[in-house]
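Inside the fold
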Amino acid sequence: MTRIPVPLRLLRLLWRPGAGSTALVALPVAAFALVTALVLVVLAGAMTFYTAPPAEDGSTGLYQVLASLALALMLVPLATLGSSAARLSARRRDERLSTLRLLGATPGQVGALAVLESTLLAAAGAVAGVVLYAAAVPAVALLHFRGAVLGLDALWLSPLAVFATVAGVALLAAASAAAGLRRVVLTPLGVRTRQQPAGAHWLRLALGTAAVLGIVLALSLLGSLGSFLAIAAVAAGAFAAGLAVLNLLGPFALKAVAGRNLRRAATPERLLAARTVLESPKEAWRQVSGLAMASFVAVVAGTGLALMDSAASSGTDDVLVADIRTGVVITVVASFLMVACSAGVNQAAAVLDRAGLYTSLDRLGMPVAAMDAARRRAVMSPVRTVSIGSAVVGAVVVFPLTGIALVVSPLSLATIAAVLAGGIGLVWTGLRATTPVLVRVLAAGHRS
Amino acid sequence: MTIPILRARNLSKSYGPSTALAGVDLDIAPGDSVAIMGASGSGKTTLLHILAGIIRPDAGTVTYAGPSGPVEVGSLGEGARSRLRRGEFGFVFQAGLLVPELTAVENVALALMIKGTPRKAAEPVAAQWLAALGLAGMEHRRIGELSGGQAQRVAIARAQVGGASVVFADEPTGALDSQTSAEVMTALLGATSGRGRTLVLVTHDESVAARCGRTIHLHDGALLNAGSWEPRTLTTSVPAVPAAPPPAAAQQPEQRFVQRAVLQPAWDPMGGAR
Ligand SMILES: Nc1ncnc2c1ncn2[C@@H]1O[C@H](COP(=O)(O)OP(=O)(O)OP(=O)(O)O)[C@@H](O)[C@H]1O
Ligand SMILES: [Mg+2]
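Residues numbered from 1 in each chain as written. Chains lettered and ligands numbered in written order. Predicted model: local features only at pLDDT ≥ 70, side-chain atom pairs only at ≥ 80, totals over all residues. Heavy atoms only, no water.

Remarks on the interface of chain B and chain A
How we decide: Any two residues whose heavy atoms approach within 4.5 Å are treated as being in contact. Two parts placed together each lose some accessible area under a 1.4 Å probe, and adding up what both lose gives the buried area. One side-chain nitrogen of Lys or Arg within 4 Å of one carboxyl oxygen of Asp or Glu is enough to make a salt bridge.
The partner chain A presents 31 residues to the 26 residues of chain B that form the contact. With both sides pooled, the region where chain B packs onto chain A buries about 2,700 Å², and carbon together with sulfur makes up 58% of that total. Considering only the side of chain B, the residues that lose the most area to chain A are B:Glu101, B:Arg119 and B:Arg142, jointly responsible for 23% of the buried surface there. Between A:Glu279 and B:Arg142 there is a salt bridge, with the nearest N and O atoms lying 2.7 Å from each other.

Some remarks on the pattern of salt bridges
Should the charged atoms of two oppositely charged side chains come close, the side chains can pair. Put simply, the rule is: The helix count covers DSSP runs of H or I at least four residues long, the strand count covers runs of E at least two residues long, and both are numbered beginning at the N terminus. Relative accessibility under 20% of the residue-type maximum defines a buried residue, over 50% an exposed one, and the middle range a partly exposed one, all with a 1.4 Å probe and only protein chains included.
Taken as a whole and judged by the stated rule, the model has 12 salt bridges over all chains. The partner of B:Arg85 in a salt bridge is A:Asp362, and the shortest N-O contact between them spans 4.0 Å. Of the two residues, B:Arg85 sits in helix α2 (residues 78-88) while A:Asp362 sits in helix α12 (residues 355-363), which places them in two different chains. The buried category is assigned to B:Arg85, whose relative accessible area is 1%.

Re the sheet that holds strand β5 (residues 69-72) of chain B
Residues and elements named next belong to chain B. To be explicit about the condition: Between any two strands, at least two bridges found by DSSP are needed for them to pair. For helices, the fitted line uses only the C-alpha atoms of the stretch in contact; every axis is such a line through C-alpha atoms, and the angle between N-to-C directions lies from 0 to 180 degrees.
Spatially, the four strands line up as an open sheet ordered β2-β1-β4-β5, and their pairing is antiparallel. In the strand order of this sheet, the two ends are held by β2 (18-28) and β5, each with one partner. The sheet shows a mean angle of 20 degrees between the axes of neighbouring strands, taken without regard to direction. Where strand β1 (residues 6-15) and β2 come together, eight bridges link them in antiparallel fashion. The partner of alanine 8 across the bridge, within β2, is leucine 26.

Focus on the packing of helix α9 (residues 268-279) of chain A against helix α13 (residues 368-397) of chain A
Residue and element names in this part refer to chain A. What counts, and what does not: Just so you know how the angles are binned, under 35 degrees is roughly parallel, over 145 roughly antiparallel, 65 to 115 roughly perpendicular, and the rest oblique. The crossing is said to be left-handed when, going from far helix to near helix, the turn is anticlockwise and less than a right angle, and right-handed when the turn is clockwise. Residues are grouped as follows: nonpolar covers Ala, Val, Leu, Ile, Met, Phe, Trp, Tyr, Cys and Pro; charged covers Asp, Glu, Lys and Arg; every other residue, Gly included, is treated as polar.
Across the interface, α9 lies against α13 with an axial gap of 8 Å and an inter-helix angle of 45 degrees. Of the possible angle classes, the one that applies to α9 and α13 is oblique. Relative to α13, the crossing made by α9 is right-handed. Every residue of α13 that contacts α9 at Glu269, Arg270, Leu272, Ala273, Thr276 and Val277 is listed here: Ala370, Ala373, Ala374, Arg377, Ala378 and Pro382. Class assignment of the residues belonging to the contact of α9 with α13 gives a composition of eight nonpolar, one polar and three charged.

Listed below in structure tokens is the structure:
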């Protein structure tokens, strides 16, 4: 008879039907599926620009640069989503693992189990993500670039690339589980015992303000801007500097807004939401920083596009302008989609983590709607601050241009505003989707 | 004879094949403090949750003699029981279960705000309660910065700040050492039966039960000494409520208590334990 290794036997015990809520397994799997599907779609989309035969007009290089830019932008929210998924599967595990240790499992066995479980969940999710990707491709194939639809053929990744992505997701989950385990061992009580909320330093404000002033000054020195390539170059410079500024300012801005909200909070949900953000402005920022980039770019690029649109130009330029606009909209929507997914994943994890607290508030008679509103507000408030704030910073950075664009092409800017509003709605929907998790947690509290 | 504030008749509750409660009758007099004891799994928590309207019994009734007439707790819907809990009842849990992001005073004020009290009005009352329970100067600490006994006193303030007529406590001293446990009990009794409110608490600790007006024992879901509900003579001193000055008619009872507690240093919530 072959002997099954201990971690595998423990795993079989834990995954027995009824051993835990199915949500505990289903949530991380769904999260990893989303991550994988988004990675594959983004990868496939970017690939079309690198593998396409060179165009006669020599625009291939420009397209590749723009595609790289879009890719770089989506990397931040995608990484956030990936780490949310990994932490979700790590967090839900901690409690059961400590129980196993009490039951006499060695730290080695428990560690092996933790890594194994996370990896298996991630792999299962990644495989489901491949299916999601395949389902999404027909829709993505309808996008127009260079005057033609992308087409199905261009979007199918090679089996090797798909396999590498699945393996990569599983590996990342394993690594993050191993790292998470060490942290759990080091600080068993983690968040609960933190003495002082992690702050955001005022120095950020000073540095950020100086940087904004510097950029505005540099731009105005450049004087009049003729060709769109010059605009593009300036936009790229402004954009890199702007992102740096946003990262400096972000946590500080969130802390300041939450502090003001705290003083004004009159209802339980507003009080709870403001305190949740203040608990860790950096963490709140990390969650939504992907939006800062996207909103900032939307305004800067949108301004450029609006100007190019209004300047009469050749046919190639028209196609290019239309393509850049498509690219900007896709980048912004994808960033919001990723933030919506990671907000949903994080909230589901947070509700499960704090099941006892929510149950106690329910017993005190706090209405479910108020608890739900509090946790949604704790995410939506930073989302609003960050997306609108970054859009404003973007507008300030290219200030004279935004003003001109507003006059000559108000519709382009209205489109950008609509895309941002839609993105905020997307995040709201992602949070809404986690309400059943809270309802289920409270229902379990009523039974015990 | 006083009308019992809580009257349970023939309460039964099963979870699948296991019977948690088997026909419990219980009357609890207003102002009494009742300790529920019994072995683990004997149904204490189940009984407490049914009395408080957190869960419904399979059979039997719980009648709460509220300010606006008797209420049949078990027959109320989810929303109505939720309203009853935030309006009339207070809760102290074993692990405190305070909101970790909020400060002590915000945690207490939250209970009032849930009932619709504006924050501006809620926080001063909450701060007075904290001071009355010996936590003056700690209002703005977060829960992680308090000791277990201090956190439990915050929980007591939260349970009573809204003027609950009945406070339910499930092993409120279960996580505390005996000295701290005695202090917390003094605070809990002083805040409840000490001012005419009712306390129902589950405990495994004889010395905690001994300080309550009455102890009932559960065994396999049934009451062992389900006899008289008249309060027995107290074996331990409960801080007496000072002879009340004629109250201003408009004042809420809890405000009067807080003012007395704050204005009269003689009322020492921790005194009995020292
Ligand atoms: N949600 C539930 N599902 C199934 N069985 C339950 C549930 N809640 C309680 N029980 C069962 O009901 C019985 C009484 O449980 P209860 O929690 O009331 O005991 P208790 O006296 O509070 O015990 P302890 O002192 O350990 O807290 C036990 O046999 C328990 O297993
Ligand atoms: Mg119990």
